[in-house]
Amino acid sequence: MDGIREELLAITHTADEYNKYLNAVVPPVFLNSLHLYDSFEEYLEAASDPCQEEKFVYGRDQNPTVHILERKIAELEHGAKAIVFASGMGAAAAAIMTTCNAGSHVVCMRDVYQPVKRFLDYFCVPKFGMTVTYVSGNDLDEIESAMKKPDTALMILESPATFVFRVVDLEAIAKLAHQYEVKTYIDNTCMTPLFQKPLDLGIDICMHTMSKYIGGHSDILGGVLVSKDKELMCEMIKTVREWYASVMGPMEAWLAIRGLRTLAVRVEEHQRVGMAVAGWLEKNEKVKKVYYTGLASHPQADLIRRQQKGHTSLMSIELDAAPEEAVKFINRLHLFGKGCSWGGFESLAIMPLYKAEQKELDFLQVNRGLIRLYCGLEGSENLIEDLERAFAGM
Ligand SMILES: *Cc1c(COP(=O)(O)O)cnc(C)c1O
């Protein structure tokens, strides 16, 4: 794969320390809650520095298996430090709680992962008196007029964003936000650390849920935050994790490390299948529109070429038919299971906006029949055959 030589070494070999683990090629799952020291002084020394990474005290603070995963992700994202969480939402909530105070103002892209919006609207706003301005992310003037000095603490981004895979200019937004001393946060899950490096473009905090491509097998939940600001990570975000304890268990960390080792070959195949399926769908006369970052017809193809090194196997389509017909269409698919999430080996079809409010549909300029397809690892020929059969029934 082009341009990811270093990353291939990080996913396979970073944090290999065979001599620590009886020369085992795979590090053990440290299923222990605490670590013991011969003297009280040694224990105190290990427990007193939140930024030290050599010694372990208690599982809520640090676990050796979890720590291997954190070292790999930090290196992959060009960060100084990564902190792993029990879920992507745990990571997202920790980032918001760390960067904001009671009364803080947040600027948020309108089509970010919906539970993050709900966390802001139904928790942060009523409980902490915070305020939120939703923006498209594509209009720098709109972002600038949303910034309120000194209240705006955080800008929340996602690129490509859920639903229609809109892309925003991360470098330009980071530059603008920093003029207003606003921290920037991005959900980089879609791109994986292989296809997009937000920290190198000036974004402060990068998040991934590991429940998707990184885990890759639909068998774990996990999340991670990573930043070039080590102090922010160790003294603030790590402490927030300790207090509300969204800690990833060692078994999940071990599975995430295992998933990570094959991430490059999996996303390369996902991209191949995604391109083939999206290209085929675009030529189908029953499809009104295909939303996929890999298509030359994507309205932001130039920015995508500049900012991304690759494409996912996630796309959305609108059929030339009523939303009820779209429901029947996805029910006719056999290989695409009807379920949320994505990133595993199995293909999925869902209509994420079926119950959306009209104003959200107007913003995205789509109807509630929008179908999101996730292409798994069943191979493009099998998936296209499945789609062909479902179209034949229309
Ligand atoms: C699934 C998902 C999340 C949430 O992650 P969990 O691990 O399920 O909490 C966040 N962002 C995106 C883009 C997702 O797809």
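Residues numbered from 1 in each chain as written. Predicted model: local features only at pLDDT ≥ 70, side-chain atom pairs only at ≥ 80, totals over all residues. Heavy atoms only, no water.

(A) A look at the overall build of the protein. A tally of helices and strands in the protein yields 15 helices and 12 strands. By the compact-globule yardstick of 21 Å for 394 residues, the protein fits well, its C-alpha radius of gyration being 22 Å. Burial status across the protein gives 54% buried among its 394 residues. Contacts in the protein between residues far apart in sequence, at least 24 positions, make up 74% of those at least 6 positions apart. One way to put it: in the protein the 41 positive side-chain charges average out to a point 4 Å from where the 54 negative ones average out. (Helix = DSSP H or I, 4+ residues; strand = E, 2+ residues; numbered from the N terminus. Rg over C-alpha atoms; globule rule 2.2 N^0.38 Å. Buried < 20%, exposed > 50% of the residue type's maximum accessible area, 1.4 Å probe, protein only. Contact = heavy atoms within 4.5 Å. Lys, Arg positive; Asp, Glu negative; His and termini not counted. Charge placed at Lys NZ, Arg CZ, Asp CG, Glu CD.)

(B) Spotlight on the site of the ligand. Taken together, Ser87, Gly88, Met89, Tyr113, Glu158, Asp187, Met207, Thr209, Ser211, Lys212, Gly222 and Trp342 form the complete shell of residues around the ligand. At 2.8 Å from an oxygen atom of the ligand is found a side-chain nitrogen or oxygen belonging to threonine 209. A distance of 3.1 Å is found between an oxygen atom of the ligand and a side-chain nitrogen or oxygen belonging to tryptophan 342. Of all the secondary structure elements, the ones that give two or more residues to the shell around the ligand are α4 (88–99) and β6 (205–209). Classifying every residue of the shell around the ligand gives 4 nonpolar, 5 polar and 3 charged. (Near = heavy atom within 4 Å. Polar contact = N/O pair within 3.5 Å; in protein donor to acceptor, adjacent residues only side chain to side chain. Nonpolar A, V, L, I, M, F, W, Y, C, P; charged D, E, K, R; others polar.)

(C) How the structure looks around the packing of α4 against helix α5 (residues 114–128). Look at α4 against α5: their axes get within 10 Å of each other, and the N-to-C directions meet at 45 degrees. In terms of orientation, α4 and α5 fall into the oblique class. Read as a crossing pair, α4 and α5 show a hand that is right-handed. Along the contact surface, α4 presents Met89, Ala92, Ala93, Ile96 and Met97, while α5 presents Pro115, Val116, Phe119, Leu120 and Cys124. For the contact of α4 with α5, the residue count by class is 10 nonpolar, no polar and no charged. (Axes fitted to C-alpha atoms, helices over the stretch in contact; angles between N-to-C directions. Parallel < 35°, antiparallel > 145°, perpendicular 65-115°, else oblique. Left-handed = near helix turned anticlockwise from the far one by under 90°.)

(D) How the structure looks around a negative patch on the surface. A surface patch of negative charge is lined by Asp49, Asp229, Glu231 and Glu235. Turning to its location among the elements, glutamate 235 is positioned in helix α9 (residues 230–244). Residue glutamate 235 is classed as partly exposed on the basis of its relative accessible area of 41%. (Patch = residues over 30% accessible without salt bridge, like charges linked within 9 Å, V, L, I, M, F, W, Y side chains within 5 Å. Areas by Shrake-Rupley, 256 points an atom, 1.4 Å probe, with all protein chains shown as cover. Salt bridge = Lys/Arg side-chain N within 4 Å of Asp/Glu carboxyl O.)

(E) Region of the structure containing the packing of aromatic side chains. Taken as a whole and judged by the stated rule, the model has 9 aromatic pairs. A centroid spacing of 5.6 Å and a plane angle of 80 degrees characterise the contact between phenylalanine 123 and phenylalanine 128, whose relative ring orientation is edge-to-face. On the basis of relative accessibility, which here comes to 33%, the residue phenylalanine 128 falls in the partly exposed class. Taken together, the aromatic side chains of Phe119, Phe123 and Phe128 make up a single cluster linked through ring pairs. Note that arginine 110 overlies the ring of phenylalanine 363, its terminal NZ or CZ placed 4.8 Å from the centroid. The ring of tyrosine 134 carries the charged tip of lysine 117 above its face, separated from the ring centre by 4.9 Å. (Phe/Tyr/Trp six-rings, centres within 6.5 Å; stacked < 30°, edge-to-face > 60°. Lys NZ or Arg CZ within 6 Å of the ring centre and 35° of its normal.)

(F) Examining helix α15 (residues 380–392) more closely. Here α15 contains 13 residues, and its C-alpha end-to-end distance of 18 Å stays within 8% of the 18 Å for a straight helix at 1.5 Å per residue. If you check which residues of α15 are buried, you get Ser380, Leu383, Ile384, Asp386, Leu387, Ala390 and Phe391. Down the axis of α15, the buried side of the element spans an arc of 160 degrees, and every buried residue falls inside it. In α15, the exposed residues that point more than 90 degrees away from the buried face are Glu381 and Ala392. (Expected span 1.5 Å × (residues − 1). Arc of directions from axis to C-beta.)

(G) How the structure looks around the domain arrangement of the protein. Taken as a whole, the protein is organised into domain 1 (3–261) and domain 2 (263–392). Opposite the 42 residues of domain 1 that make contact, domain 2 presents 39 residues. Taken together, domain 1 and domain 2 are joined by 4 salt bridges. Between glutamate 360 and lysine 117 there is a salt bridge whose closest N-O contact spans 3.7 Å. (Domains from an automatic or database assignment.)

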